[in-house]
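Listed below are the residues making up each chain.
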Amino acid sequence: MTESLNLDRRGYSRLKMNRLSLLETWQAGPRPLIVAHRGASRAAPENTIVAFRRAVDLGADGIEFDVQRIADGSLVVFHDATLERTTNERGPVQATALADLKGFDAGGWFGASFRGEQIPTLEEAVAAIPPSVRLFVEIKLGPVFDEEIERALAESLKQTGALARCEVSSFDHVSLRRFKRVAPETPTGILFSGRLIDPVAAARLAGAEAMHPAWDLIHPDLMPTAHAQGLAVVAWTVNAPEEIERLAAIGVDALMTDVPDVARRVEEHAVVEPGLL
């Protein structure tokens, strides 16, 4: 059965205002925002407090991290569906309780000096990131599709006072529509890694204010099309200096990168093409 946003005329007006205010905020300067992907994930283990703090030290404007809801209802910051790639344990993340998860080593895989780093909860991540730094929260779903994560996420972000500096994204566009119902004032962005027939329509159907294409899908014609519809464009995950320079030059609104220090140096020298801001 097809879901709909069920927005009335006032709701659509509010959504349009959200899109415009998002663009106006992000385009306050001549350069794209630099967003540290899972924190400074080339310098520290991804999605950990130490990676977030390192990203702040390297001058990131925003920090992106992944959120899942686990067996006891806790929201934790973790990317994969299973534990083995980035911890010393195995098995599905969503089947784990927080008391057990906190005993896992989420840093040793990256380097001996990070051994004992924990998987953070959403609340711990928000508390560790200064209020001046924007939060880009990705909802992770699958292979289990949790029907309660959107409401739980909205409530947690509200309780921590983080809604005002947050943008929520997901590859699951149905999840974004559900999140928009419980947090209509919070900007959202559709993630996609393949070519869409109509990315603007996909964003509209999800009720989103931004699109997050994989960096290699972004071409100059996309920028004026998206901006004309009030949609921000966030590129992920771009690390090569030449691609950072290209995307900054054509006017993307934010760059997600594992190397925020490199991206900052490159984008400061990029020449933005006239008429794209």
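Bear in mind the structure is a predicted one, so any value in this text is a computation, not a measurement.

S.K.: Explain the overall build of the chain residue by residue, including any values.
M.R.: When helices and strands are counted, the chain shows ten helices and nine strands. Relative to its full complement of 277 residues, the chain shows a buried share of 55%. As presented, the chain carries roughly 12,300 Å² of accessible surface, and 52% of it is formed by carbon and sulfur atoms.

S.K.: Which residues make up the pattern of salt bridges, and what values do they have?
M.R.: If you walk through the whole model with that rule in mind, you get 13 salt bridges. Note that Glu138 is salt-bridged to Lys140, the shortest N-O span being 3.2 Å. Accessibility expressed as a relative area gives 6% for Glu138, which makes it buried. Relative accessible area serves as the criterion here: at 15%, Lys140 is assigned to the buried category. Taken together, the salt bridges that share partners define one network made up of Arg38, Glu46, Asp66, Asp80 and Arg85.

S.K.: How would you sum up the packing of aromatic side chains? Please name residues and give values.
M.R.: Tallying each qualifying case throughout the model produces four aromatic pairs. Ring geometry for Phe52 against Phe65: centres 5.5 Å apart, planes inclined by 45 degrees, an arrangement best described as tilted. Placement of Phe52 in helix 2 (residues 49-57) and of Phe65 in strand 2 (residues 62-69) is noted, with a sequence separation of 13 residues between them. On the basis of relative accessibility, which here comes to 0%, the residue Phe65 falls in the buried class. Geometrically, the ring pair formed by Trp109 and Phe110 is edge-to-face, given 5.5 Å between the ring centres and 85 degrees between the ring planes. The rings of Trp109, Phe110 and Phe114 are connected pair by pair, giving a single aromatic cluster.

S.K.: Kindly report on helix 7 (residues 199-206), identifying the contributing residues and their values.
M.R.: Among the residues of helix 7, Pro199, Val200, Ala202, Ala203 and Ala206 are the ones counted as buried. Buried residues of helix 7 fall within an arc of 160 degrees about the axis and therefore sit on the same side. Capping of helix 7 at its N-terminal end is provided by Asp198; its side-chain oxygen lies 3.3 Å from the backbone amide nitrogen of Val200. Gly207, located one to two residues past helix 7, shows a positive phi value of around 75 degrees.

S.K.: For the environment of Thr87, give the residues involved together with the corresponding values.
M.R.: Tracing the chain through its elements places Thr87 in the loop between strand 3 (75-77) and helix 3 (98-101). Given a relative accessible area of 9%, Thr87 falls into the buried group. A polar side-chain atom of Thr87 sits 2.9 Å from the main-chain carbonyl oxygen of Leu83. Engagement of the side chain of Thr87 in a polar contact is seen with the backbone nitrogen of Glu89, the distance being 3.0 Å.

S.K.: Outline the nonpolar core, listing residues and values.
M.R.: When a protein is soluble and globular, its nonpolar side chains tend to lie buried together. Phe65, Leu153, Val168, Ile190, Met211 and Ile218 are the most contacted members of the largest nonpolar core, which has 56 residues in total. Sequence-distant contacts of Leu153, defined by excluding residues within four places in its chain, comprise Leu75, Leu122, Val137, Ile139, Val168 and Phe179.

S.K.: Which residues make up the confidence of the model for the chain, and what are the values?
M.R.: Per-residue pLDDT for the chain has a mean of 90; in total, 87% of the residues score no lower than 70. Every residue in residues 1-17 is under pLDDT 50, and counting partners more than four places away or in other chains gives 20 contacts.

S.K.: Could you give an account of the environment of Gly73, naming the residues involved and the relevant values?
M.R.: Mapped onto the fold, Gly73 is located in the loop between strand 2 and strand 3. When the C-alpha atoms of Gly73 and Ile149 are compared, they prove to be 8.6 Å apart, with 76 residues separating the residues in sequence.

S.K.: Just give me the short version of the packing of helix 5 (residues 149-159) against helix 6 (residues 173-182), but keep the residues and values in it.
M.R.: Two elements in contact, helix 5 and helix 6, have axes whose closest approach is 9 Å; the angle formed by their N-to-C orientations is 45 degrees. What the angle tells us is that helix 5 and helix 6 run oblique. In this structure, helix 5 meets helix 6 at a crossing whose hand is right-handed. Across from Glu150, Arg151, Leu153 and Ala154 in helix 5, the residues of helix 6 making contact are Ser175, Arg178, Phe179 and Val182. Looking at side-chain class alone, the contact of helix 5 with helix 6 contains four nonpolar, one polar and three charged residues.

Calculation rules
Residues numbered from 1 in each chain as written. Predicted model: local features only at pLDDT ≥ 70, side-chain atom pairs only at ≥ 80, totals over all residues. Heavy atoms only, no water. Helix = DSSP H or I, 4+ residues; strand = E, 2+ residues; numbered from the N terminus. Buried < 20%, exposed > 50% of the residue type's maximum accessible area, 1.4 Å probe, protein only. Areas by Shrake-Rupley, 256 points an atom, 1.4 Å probe, with all protein chains shown as cover. Salt bridge = Lys/Arg side-chain N within 4 Å of Asp/Glu carboxyl O. Phe/Tyr/Trp six-rings, centres within 6.5 Å; stacked < 30°, edge-to-face > 60°. Arc of directions from axis to C-beta. Polar contact = N/O pair within 3.5 Å; in protein donor to acceptor, adjacent residues only side chain to side chain. Core = buried A, V, L, I, M, F, W, Y, C linked by side-chain atoms within 4.5 Å. Contact = heavy atoms within 4.5 Å. pLDDT = per-residue confidence, 0-100. Axes fitted to C-alpha atoms, helices over the stretch in contact; angles between N-to-C directions. Parallel < 35°, antiparallel > 145°, perpendicular 65-115°, else oblique. Left-handed = near helix turned anticlockwise from the far one by under 90°. Nonpolar A, V, L, I, M, F, W, Y, C, P; charged D, E, K, R; others polar.

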